[in-house]
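The residues making up each chain are set out below.
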Amino acid sequence: MGKVVLVTGAARQLGGRFVRRIQRDPDVERVIAVDAATPPHRLGSAEFVRTDIRQSAIARVLAEHAVDTVVHLAVTGGSAGTGGVYSTVKETNVIGTMQLLGACQKSPTVRRLVVKSSTSVYGGTPRDPAVFTETTEPKSLPAGGFAKDAAEVEGYVRGFARRRPDVAVCVLRFANILGPFADSALAEYFSIPVMPTVLGYDPRLQFVHEDDVLEVLRLAAGEPRRGTLNSGTFNIAGDGVLLLSQCSRRLGRPTLPLLLPALNWVGAALRAVGASDFSPEQIRLLTHGRVVETTQMREVLGFEPLYTTAETFADFARSRGTGLLPPERVGRAVDRVAAMLDAGGLDGLKDDAYAAEGAKR
């Protein structure tokens, strides 16, 4: 018989796409999609069970369907789409994970657990290293927000792994996820007509494409391929980095550099009107940036992303339309100005030469 896979967070865009993707795996017999809200999208042939993972009913779902593989995607950051109620998101992240892990611990059928985490667990301070590896300890633990939730979730997962060594556990720390369907707080920030930034800072950023996220989740949920190991903790990101200023130019959206106190005020105003979840955590990212090492992803997990960081951002930018300063138009304007200056410079040199010759005479 094939595997029975349970996927949490099925009502979110990424969860729904993964539910549809994992059904095509020939080793999968059934997919159980779980969420507290009814998904607004299709789930294919998956069986949807409306339940809140913060409640003990999730244990009954595991038992009734004899689930052997759990893919936990209900670990998310807040966004404007959540209506600004982050307390509910936090409860789902932390309390929901505790309930789910408790149910998995009691289940005799569960054999594999995949948890979606984030590179935000490394934090973001000026004292941090230029590149994080999976074993890098943060200089200071995240004080709040999604980064703190992700760190707590990983702590509970490590405890579960010690109590159930017979279960293969895979934690995937994703860089910022972007793509045509991205619905994250960072995607909302990049959609603002004028992007506020921190004066004097141009952080390095890394992205991972949605399609690569789906593929690595599928890889982690299956049996390891020959010569690979899909148990452990892995950084997942596309090759290369982009500066925030490069992102702005490629989007055609101008930046508004602000002093940090002013940026905090702007962030609070944007959250108040529901335009963007411009949280203190995101402000730290846009100040110090974050880059991770992905050697383990390739050499141990055996995963090679299809998209680089630059290609991921380009695909995202195409889906967001033209900004106030389209790159092509700006490029043509710069070329015209450069040509005019060159022409003016040559004429000026000629005039100086004629003047010098006249003075000699």
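(A) Up close: the packing of helix α7 (residues 244–251) against helix α11 (residues 309–319). For the pair α7 and α11, interaxial distance at closest approach is 10 Å and the crossing angle is 35 degrees. Helix-helix and strand crossings are classified by hand; for α7 and α11 the assignment is right-handed. Contacts between α7 and α11 involve Cys247, Arg250 and Leu251 on the former and, on the latter, Ala310, Phe313, Phe316 and Ala317. Tallied by class, residues from the contact of α7 with α11 come to six nonpolar, no polar and one charged.

(B) View of the pattern of salt bridges. If you walk through the whole model with that rule in mind, you get 17 salt bridges. Note that Asp166 is salt-bridged to Arg164, the shortest N-O span being 2.9 Å. Among the charged side chains, a salt-bridge network with shared partners connects Arg21, Asp25, Glu215 and Arg218.

(C) Spatial organisation of the side chain of Glu281. Within the secondary structure layout, Glu281 lies in helix α9 (residues 280–288). One buried charged residue, Glu281, forms no salt bridge at all, with the nearest opposite charge on Arg284 at 5.3 Å. In this structure Glu281 touches Ser120, Gly144, Gly145, Phe146 and Ala147, once residues within four positions along its chain are discounted.

(D) Up close: the packing of aromatic side chains. What the rule picks out here adds up to seven aromatic pairs. Aromatic pair Phe207 and Phe313: ring centres 5.5 Å apart, planes at 25 degrees, arrangement stacked. One end of the pair, Phe207, is in strand β10 (residues 207–209); the other, Phe313, is in helix α11, and 106 residues separate them in sequence. Across this residue pair, the class does not change: Phe207 and Phe313 are buried. The interplanar angle of 50 degrees and the centroid separation of 5.9 Å between the aromatic rings of Phe313 and Phe316 together place this pair among those described as tilted. Highlighted residues: Phe313 and Phe316, both in helix α11, separated by three residues, approximately one helical turn. Three or more aromatic residues link up through ring pairs in this structure, and these residues are Tyr189, Phe190, Phe207, Phe313 and Phe316.

Rules used in this analysis
Residues numbered from 1 in each chain as written. Predicted model: local features only at pLDDT ≥ 70, side-chain atom pairs only at ≥ 80, totals over all residues. Heavy atoms only, no water. Axes fitted to C-alpha atoms, helices over the stretch in contact; angles between N-to-C directions. Helix = DSSP H or I, 4+ residues; strand = E, 2+ residues; numbered from the N terminus. Left-handed = near helix turned anticlockwise from the far one by under 90°. Contact = heavy atoms within 4.5 Å. Nonpolar A, V, L, I, M, F, W, Y, C, P; charged D, E, K, R; others polar. Salt bridge = Lys/Arg side-chain N within 4 Å of Asp/Glu carboxyl O. Buried < 20%, exposed > 50% of the residue type's maximum accessible area, 1.4 Å probe, protein only. Lys, Arg positive; Asp, Glu negative; His and termini not counted. Phe/Tyr/Trp six-rings, centres within 6.5 Å; stacked < 30°, edge-to-face > 60°.

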